Amino acid sequence: MTDRRRTAADDGILRVHQALRSGFGTEAAVYGTILVSGLVAVSSAHGETSLVVLVTVAVTVLVFWGAHVYAGTVARVSDRDEREQDETVGVRAAFAASVKHSLGMLSSATVPAVFLLAGTTRAMPDGLANDLALWSGVVILAFLGYVAFLRRGSPLLTRILGALGTASFGLVFVVLKALVH
């Protein structure tokens, strides 16, 4: 069942998503957002400064991104399925494809990092910066879930349920932080 009646708001959401799609609206972005949310929750639950949380997030995301790129490169090298003729995929092409595919993992840390940087520079208190970084992951996940079902043409209720389902991965970390803190 699809809802062919898109609103102006829906069109605006799709335009935002399309503009961000190359590095933000991907499975790597969903995974990266969940990873960043977990890192922020665990790091900030112990009363760490936003600088420590930011460094923890940055280093961990870079390591996971590097591992993701490496694994993708290894998986794509000599993969005949991605070529029309019977030639194999070279290391450079496999690496380039893997970097492109994994960009969302890096970009997923951008919004939380902005909040953490605001805490680091004392533009806002550490606790608020850490909380906003954590909640930004929930909002990002909700947005990505909503858009996934909007792009399918799903009815509004299905889009909202999709947003809530995706956001629940981030909400788990909000609850975790509350329990630990």
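Caption draft 1: Representation of the overall build of the chain. The helix and strand tally for the chain stands at seven helices and zero strands. N-terminal to C-terminal, the α/β element order of the chain is α-α-α-α-α-α-α. For the chain, with 181 residues in total, the buried portion stands at 40%. Contacts in the chain between residues far apart in sequence, at least 24 positions, make up 70% of those at least 6 positions apart. Within the structure as shown, the chain displays about 10200 Å² of accessible surface, and the carbon and sulfur contribution to it stands at 67%.

Caption draft 2: View of the nonpolar core. In terms of nonpolar packing, the biggest core is built from 17 residues, with V36, V40, V57, V61, L116 and L134 touching the most fellow members. Put simply, the parts of the chain that give this core at least two residues each are helix 2 (27-45), helix 3 (50-76), helix 6 (126-151) and helix 7 (156-180). For this core, the element with the most residues is helix 2, which contributes five residues. Contact partners of V61, with chain neighbours within four places excluded, come to L35, V36, L39, M105, L106 and A109.

Caption draft 3: Fine view of unusual backbone geometry. In this model, R122 sits at a positive phi of 70°, which is unusual for a non-glycine residue. In this structure, R122 sits in the loop between helix 5 (110-120) and helix 6.

Caption draft 4: Focus on the environment of D10. Considering the arrangement of structural elements, one finds D10 in helix 1 (residues 8-20). Its relative accessible area of 5% is what places D10 among the buried residues. Here the alpha-carbon distance between D10 and R151, two residues 141 residues apart in the chain, equals 9.5 Å.

Caption draft 5: Quick peek at the packing of helix 6 against helix 7. Two numbers describe how helix 6 lies on helix 7: the axes approach to 7 Å, and their chain directions differ by 155°. Of the possible angle classes, the one that applies to helix 6 and helix 7 is roughly antiparallel. Here the hand of the crossing between helix 6 and helix 7 comes out right-handed. Here the contact of helix 6 with helix 7 is composed, by residue class, of 16 nonpolar, six polar and three charged.

Caption draft 6: Structural detail: the packing of helix 2 against helix 7. Contact geometry for helix 2 and helix 7: axes closest at 9 Å, N-to-C directions at 5°. Here helix 7 runs roughly parallel to helix 2, going by the angle between their axes. Between helix 2 and helix 7, the contacting residues are I34, S37, G38, A41, V42, S44 and A45 on the first element and F169, F173, L176, K177 and V180 on the second. In terms of residue class, the contact of helix 2 with helix 7 is built from eight nonpolar, three polar and one charged.

Caption draft 7: Broad picture of the pattern of salt bridges. This model, assessed by the stated rule, comprises three salt bridges. A salt bridge links D10 to R159, with the shortest nitrogen-to-oxygen separation between them at 3.2 Å. Of the two residues, D10 sits in helix 1 while R159 sits in helix 7, which places them 149 residues apart along the sequence. With respect to burial, D10 and R159 carry one shared label: buried. Between D131 and K177 there is a salt bridge, with the nearest N and O atoms lying 2.5 Å from each other. Of the two residues, D131 sits in helix 6 while K177 sits in helix 7, which places them 46 residues apart along the sequence.

Conventions and cut-offs
- Residues numbered from 1 in each chain as written.
- Predicted model: local features only at pLDDT ≥ 70, side-chain atom pairs only at ≥ 80, totals over all residues.
- Heavy atoms only, no water.
- Helix = DSSP H or I, 4+ residues; strand = E, 2+ residues; numbered from the N terminus.
- Buried < 20%, exposed > 50% of the residue type's maximum accessible area, 1.4 Å probe, protein only.
- Contact = heavy atoms within 4.5 Å.
- Areas by Shrake-Rupley, 256 points an atom, 1.4 Å probe, with all protein chains shown as cover.
- Core = buried A, V, L, I, M, F, W, Y, C linked by side-chain atoms within 4.5 Å.
- Axes fitted to C-alpha atoms, helices over the stretch in contact; angles between N-to-C directions.
- Parallel < 35°, antiparallel > 145°, perpendicular 65-115°, else oblique.
- Left-handed = near helix turned anticlockwise from the far one by under 90°.
- Nonpolar A, V, L, I, M, F, W, Y, C, P; charged D, E, K, R; others polar.
- Salt bridge = Lys/Arg side-chain N within 4 Å of Asp/Glu carboxyl O.

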